[in-house]
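Structure assessment
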Amino acid sequence: MNVHIKTSEEIQVMREGAKILKLAHDAVRGVAKEGVSLLELDKVAEKIIRSAGAVPSFKGFQGFPATLCTMINSEVVHGIPDHRKLKKGDLLSIDCGVKYKGFHTDAAFSIIVGGDAQNPVRAKFSRCVRSALLAGCQAARAGATIGDIGYAIEQVVRKGGYSICKEYTGHGFGRELHEDPHVYNYGRRGEGDKLIAGMTIAIEPIVTSGSPRVRTLADGWTVVTLDGRDACQWEHCGVVTEDGFEIFV
Ligand code: MG
Ligand code: MG
């Protein structure tokens, strides 16, 4: 494991970058209505990020073509925004990264298009994944382990009757979008690498409502559930502290 412990100055830069990412999230949330295309969401996010003096982390990363990863319903991760329009009741997950003054931040959220009442089953699923994320964040502190985070996430997901997609994990971040350590969404308490104050990590449960098995579409990016059931992602990034986890965004 090659973990970069951040200085307080570096952490401050990432806090500022995260504010820009939050602006992008909020703007996308505000326009993600029925009839709006995924490409339009992408343009909104990119404009906000660039006008704040930052750049989209994902665009060009290993050839990814967009600012956002947009996932509708059975799409799990790495969805490419296209001309498809949102429909009421869609479960939409939005993942976005920002690079500001040389440092990345990375976070994701999910919504039910048109509001939770449009599809209470999907809304319940999304709430569970968000709860799992928060449980993971609560388990993170100096001296705890990667396994403590994974255990906390897994308990909430299992209790909800959903499945963790184990192919995908959270991660460290900083000068690189993905740094060590891997932050697993499953694990055993007390196992795995110890967390150290100043470690910046993204915690991101990626959960399916049916089988956790997935496949990648012909575009080489979009990952979907094999059984066509829904998937959902929530992600916070922040810094491990002596007594907890400071969420940047
Ligand atoms: Mg991430
Ligand atoms: Mg992300």
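Look a little higher up for the structure.
The structure presented is a predicted model; accordingly, all values stated were derived computationally and were not measured.

Structural notes on the overall build of the chain
- Counting its secondary structure elements, the chain contains four helices and 15 strands.
- For a compact globule of 249 residues, the expected C-alpha radius of gyration is about 18 Å, and the chain comes in at 17 Å, within 12% of that figure.
- Along the three orthogonal principal directions, the C-alpha set of the chain runs to about 45 × 40 × 35 Å.
- Across the 249 residues that make up the chain, the buried fraction comes to 56%.
- Taking contacts inside the chain between residues at least 6 apart in sequence as the whole, the part at least 24 apart equals 70%.
- Carbon and sulfur atoms form 50% of the exposed surface of the chain, whose accessible area is close to 10,800 Å².
- With 31 positive and 30 negative side-chain charges, the chain shows a spacing of 5 Å between the two charge centroids.

With respect to the sheet that holds strand β3 (residues 75-77)
- A sheet is described by the order of its strands in space; here three strands give the open sequence β3-β12-β11, paired in antiparallel fashion. Of all strands in the sheet, those bounded by a partner on one side alone are β3 and β11 (214-216). Mean inter-strand twist for the sheet, computed between neighbouring axes without regard to direction, equals 40°.

With respect to the coordination of the magnesium ion (ligand 2)
- Around the magnesium ion (ligand 2), the donor atoms from the protein are D95 (OD), D95 (OD), D106 (OD) and E235 (OE), and they sit 2.0 to 2.3 Å away.
- Between the magnesium ion (ligand 2) and the magnesium ion (ligand 1), both coordinated by D106, there is a metal-metal distance of 3.1 Å. Separated by eleven residues along the polypeptide, D95 in strand β4 (residues 91-100) and D106 in strand β5 (residues 103-112) bring together distant segments of the chain.
- Residue class for D95 comes out buried when judged on its relative accessible area of 8%.
- Given the relative accessible area of 2%, D106 is considered buried.

Brief notes about the coordination of the magnesium ion (ligand 1)
- In the first shell of the magnesium ion (ligand 1), the protein supplies D106 (OD), H171 (NE2), E204 (OE) and E235 (OE), at 2.1 to 2.2 Å from the metal.
- Mapped onto the sequence, the donors of the magnesium ion (ligand 1) take the spacing D-x64-H-x32-E-x30-E.

Notes on helix α2 (residues 38-51)
- Here α2 spans 20 Å end to end across 14 residues, near enough to the 20 Å set by a 1.5 Å rise per residue.
- Regarding α2, the residues found buried are L38, L41, D42, A45, E46 and I49. Along the axis of α2, the buried positions cluster into a sector of 130°, meaning they face one direction only. Those residues of α2 that are exposed and aimed more than 90 degrees away from the buried face are K43, K47 and S51.
- Next to the buried residues of α2 lie α1 (8-31), β1 (55-56), β2 (68-72) and β4.

Some details on the environment of P205
- On the secondary structure map, P205 appears in the loop between β9 (200-203) and β10 (206-208).
- Here the alpha-carbon distance between P205 and I164, two residues 41 residues apart in the chain, equals 7.2 Å.
- In this structure P205 touches V129, A132, L133, I153, N185, C232, Q233 and W234, once residues within four positions along its chain are discounted.

Digging into the packing of aromatic side chains
- Inspection of the entire model under this criterion finds four aromatic pairs.
- Judged by centre distance (5.0 Å) and plane angle (85°), the ring pair of F64 and W221 falls under edge-to-face. A residue pair is termed long-range when its members are at least 10 positions apart, and F64 in the loop between β1 and β2 and W221 in the loop between β11 and β12 (223-225) qualify at 157 residues. No difference in accessibility class separates F64 from W221, as the two residues are buried.
- Taking the centre distance of 4.6 Å and the plane angle of 45° together, the rings of F125 and Y162 count as tilted. Taken as a pair, F125 in helix α3 (residues 120-139) and Y162 in the loop between α4 (146-160) and β6 (163-164) lie far apart in primary sequence, 37 residues in all.
- When its relative accessible area of 2% is taken as the criterion, F125 is described as buried.
- R29 extends its terminal NZ or CZ atom over the ring of F109, reaching a point 4.1 Å from the ring centre.
- The ring of Y186 is capped by K166, whose NZ or CZ atom sits 4.4 Å from the centre of that ring.

The rules behind each value
Residues numbered from 1 in each chain as written. Chains lettered and ligands numbered in written order. Predicted model: local features only at pLDDT ≥ 70, side-chain atom pairs only at ≥ 80, totals over all residues. Heavy atoms only, no water. Helix = DSSP H or I, 4+ residues; strand = E, 2+ residues; numbered from the N terminus. Rg over C-alpha atoms; globule rule 2.2 N^0.38 Å. Buried < 20%, exposed > 50% of the residue type's maximum accessible area, 1.4 Å probe, protein only. Contact = heavy atoms within 4.5 Å. Areas by Shrake-Rupley, 256 points an atom, 1.4 Å probe, with all protein chains shown as cover. Lys, Arg positive; Asp, Glu negative; His and termini not counted. Charge placed at Lys NZ, Arg CZ, Asp CG, Glu CD. Pairing = 2+ DSSP bridges. Axes fitted to C-alpha atoms, helices over the stretch in contact; angles between N-to-C directions. Donors = N, O, S within 2.8 Å, 3.2 Å for Na, K, Ca; no water. Expected span 1.5 Å × (residues − 1). Arc of directions from axis to C-beta. Phe/Tyr/Trp six-rings, centres within 6.5 Å; stacked < 30°, edge-to-face > 60°. Lys NZ or Arg CZ within 6 Å of the ring centre and 35° of its normal.

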